[in-house]
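Okay, here's what each chain looks like letter by letter:
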Amino acid sequence: DTAVSQTPKYLVTQMGNDKSIKCEQNLGHDTMYWYKQDSKKFLKIMFSYNNKELIINETVPNRFSPKSPDKAHLNLHINSLELGDSAVYFCASSQAGTATNEKLFFGSGTQLSVL
Amino acid sequence: RKEVEQDPGPFNVPEGATVAFNCTYSNSASQSFFWYRQDCRKEPKLLMSVYSSGNEDGRFTAQLNRASQYISLLIRDSKLSDSATYLCVVPGSSNTGKLIFGQGTTLQVK
């Protein structure tokens, strides 16, 4: 009974392709996030949504487009994939609208490899 | 100073040892801090929160030094299962609700 689930777990694709990663949480949380963890293990926030509204939008190429159809789902679509997009992408959720004092619950991650 | 900085290690210690990690931060206004644990190829999971001077949970103690702007994590009586990467997490400098993750400190207990 996974709290934050994301699919797929592994994604191998060619440069220039378009791909999506899906995320769902069954915790009833209001806020969801996408994080990117690069090869040096730094975990950086990309986006956050609170109840379907975009709250945080870091300096991310506009090839990355998050979509939140409802507060339990936050999907990430990536257009024209580049080699530098290879990383592990984590979805996360937290109960309230700000995460500075909230526990984050992470999904198991999506390993994206762009060839 | 970087927003958050950790010694990446690795720290190699024998079972039963006591080990401590430090993490420095730049935002003097930060009120809450966290240590997350990340196992190899797994997602980060919250280990401890630190809101005032410190927090203790079994073999784990987290301490906050506001004057010097660092937090520490002390692990006593290390177990093999403690082997992981420990991520220091602090609020971002702007009031955006953003958390900044450190690079992590890798612990290997043998």
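No experiment lies behind these values; they were computed from the predicted model shown.

We now examine the overall build of chain A. Counting its secondary structure elements, chain A contains 0 helices and 11 strands. For chain A, the C-alpha radius of gyration of 13 Å lies close to 13 Å, the compact-globule estimate for 115 residues. Summarising its shape, the C-alpha atoms of chain A cover approximately 40 × 30 × 30 Å along the three principal directions. In chain A, which comprises 115 residues, the share counted as buried stands at 43%. Sequence separation of 24 or more characterises 55% of the internal contacts of chain A that already satisfy a separation of 6 or more. Carbon and sulfur atoms form 48% of the exposed surface of chain A, whose accessible area is close to 5,600 Å². Distance from the positive charge centre (12 side chains) to the negative charge centre (11 side chains) of chain A: 6 Å.

Core analysis: the biggest nonpolar cluster contains 24 residues, and Phe21, Trp35, Ile71, Leu73, Ile75, Tyr86 and Leu107 of chain B have the highest contact counts within it. Elements that contribute at least two residues to this core include exactly strand E3 (19-25), strand E4 (33-38), strand E5 (44-50), strand E7 (60-65), strand E8 (70-75), strand E9 (84-91) and strand E11 (105-109) of chain B. Setting aside residues up to four positions removed in sequence, isoleucine 75 of chain B forms contacts with Ala17, Thr18, Val19, Phe21, Arg59, Phe60, Asp82, Tyr86 and Leu107 of chain B. Listed in part, the 20 residues of the second largest apolar core include Val4, Ile21, Phe47 and Leu81 of chain A.

Right, let's talk about the environment of leucine 27 of chain A for a bit. Residues and elements named next belong to chain A. Within the element layout of this structure, leucine 27 appears in the loop between strand E3 (19-25) and strand E4 (31-37). On a C-alpha basis, the gap between leucine 27 and threonine 2 in space is 9.4 Å, while along the polypeptide they are 25 residues apart. In contact with leucine 27, not counting residues within four places along its chain, are Ala3, Val4, Ser93 and Phe105.

Once that is clear, we can look at the state of the cysteines. Residues and elements named next belong to chain B. Applying the stated criterion to the full structure yields 2 disulfides over all chains. A sulfur-sulfur separation of 1.9 Å characterises the disulfide bridge that pairs cysteine 23 with cysteine 88. Negative torsions about the S-S bond denote left-handed disulfides, and the value of about -75° found for cysteine 23 with cysteine 88 makes this one left-handed. Pair noted here: cysteine 23 is in strand E3 and cysteine 88 is in strand E9, with a separation of 65 residues, a long-range link. With respect to burial, cysteine 23 and cysteine 88 carry one shared label: buried.

Another point: the interface of chain B and chain A. Counting from both sides, the interface comprises 18 residues of chain B and, opposite them, 21 residues of chain A. Both faces considered, chain B and chain A share a buried interface measuring about 1,600 Å² in area, 59% of it formed by carbon and sulfur atoms. Considering only the side of chain B, the residues that lose the most area to chain A are Lys98, Phe101 and Gln103 of chain B, jointly responsible for 30% of the buried surface there. Summed over the shared surface of chain B and chain A, the result is 0 salt bridges. Summed over the shared surface of chain B and chain A, the result is 3 residue pairs in polar contact (both at pLDDT 80 or more). Those elements giving two or more residues to the side of chain B that touches chain A turn out to be E4, E5 and strand E10 (99-101) of chain B.

So, about the packing of aromatic side chains. Counted by the stated rule, this structure contains 13 aromatic pairs over all chains. Geometrically, the ring pair formed by tyrosine 35 of chain A and phenylalanine 106 of chain A is tilted, given 5.6 Å between the ring centres and 55° between the ring planes. You can see tyrosine 35 of chain A sitting in strand E4 and its partner phenylalanine 106 of chain A sitting in strand E10 (residues 105-106), a full 71 residues away along the chain. For the residue pair tyrosine 35 of chain A and phenylalanine 106 of chain A, the accessibility class agrees, reading buried in each case. Counting every residue linked through ring pairs, the aromatic cluster contains Tyr33, Tyr35, Phe90 and Phe106 of chain A together with Phe34, Tyr36, Tyr51 and Phe101 of chain B.

Here is what the cut-offs are and how they apply
Residues numbered from 1 in each chain as written. Chains lettered and ligands numbered in written order. Predicted model: local features only at pLDDT ≥ 70, side-chain atom pairs only at ≥ 80, totals over all residues. Heavy atoms only, no water. Helix = DSSP H or I, 4+ residues; strand = E, 2+ residues; numbered from the N terminus. Rg over C-alpha atoms; globule rule 2.2 N^0.38 Å. Buried < 20%, exposed > 50% of the residue type's maximum accessible area, 1.4 Å probe, protein only. Contact = heavy atoms within 4.5 Å. Areas by Shrake-Rupley, 256 points an atom, 1.4 Å probe, with all protein chains shown as cover. Lys, Arg positive; Asp, Glu negative; His and termini not counted. Charge placed at Lys NZ, Arg CZ, Asp CG, Glu CD. Core = buried A, V, L, I, M, F, W, Y, C linked by side-chain atoms within 4.5 Å. Disulfide = S-S within 2.5 Å. Buried area = accessible area lost by both parts, 1.4 Å probe. Salt bridge = Lys/Arg side-chain N within 4 Å of Asp/Glu carboxyl O. Polar contact = N/O pair within 3.5 Å; in protein donor to acceptor, adjacent residues only side chain to side chain. Phe/Tyr/Trp six-rings, centres within 6.5 Å; stacked < 30°, edge-to-face > 60°.

Fair warning: the whole summary comes from geometry, so function is off the table for now.
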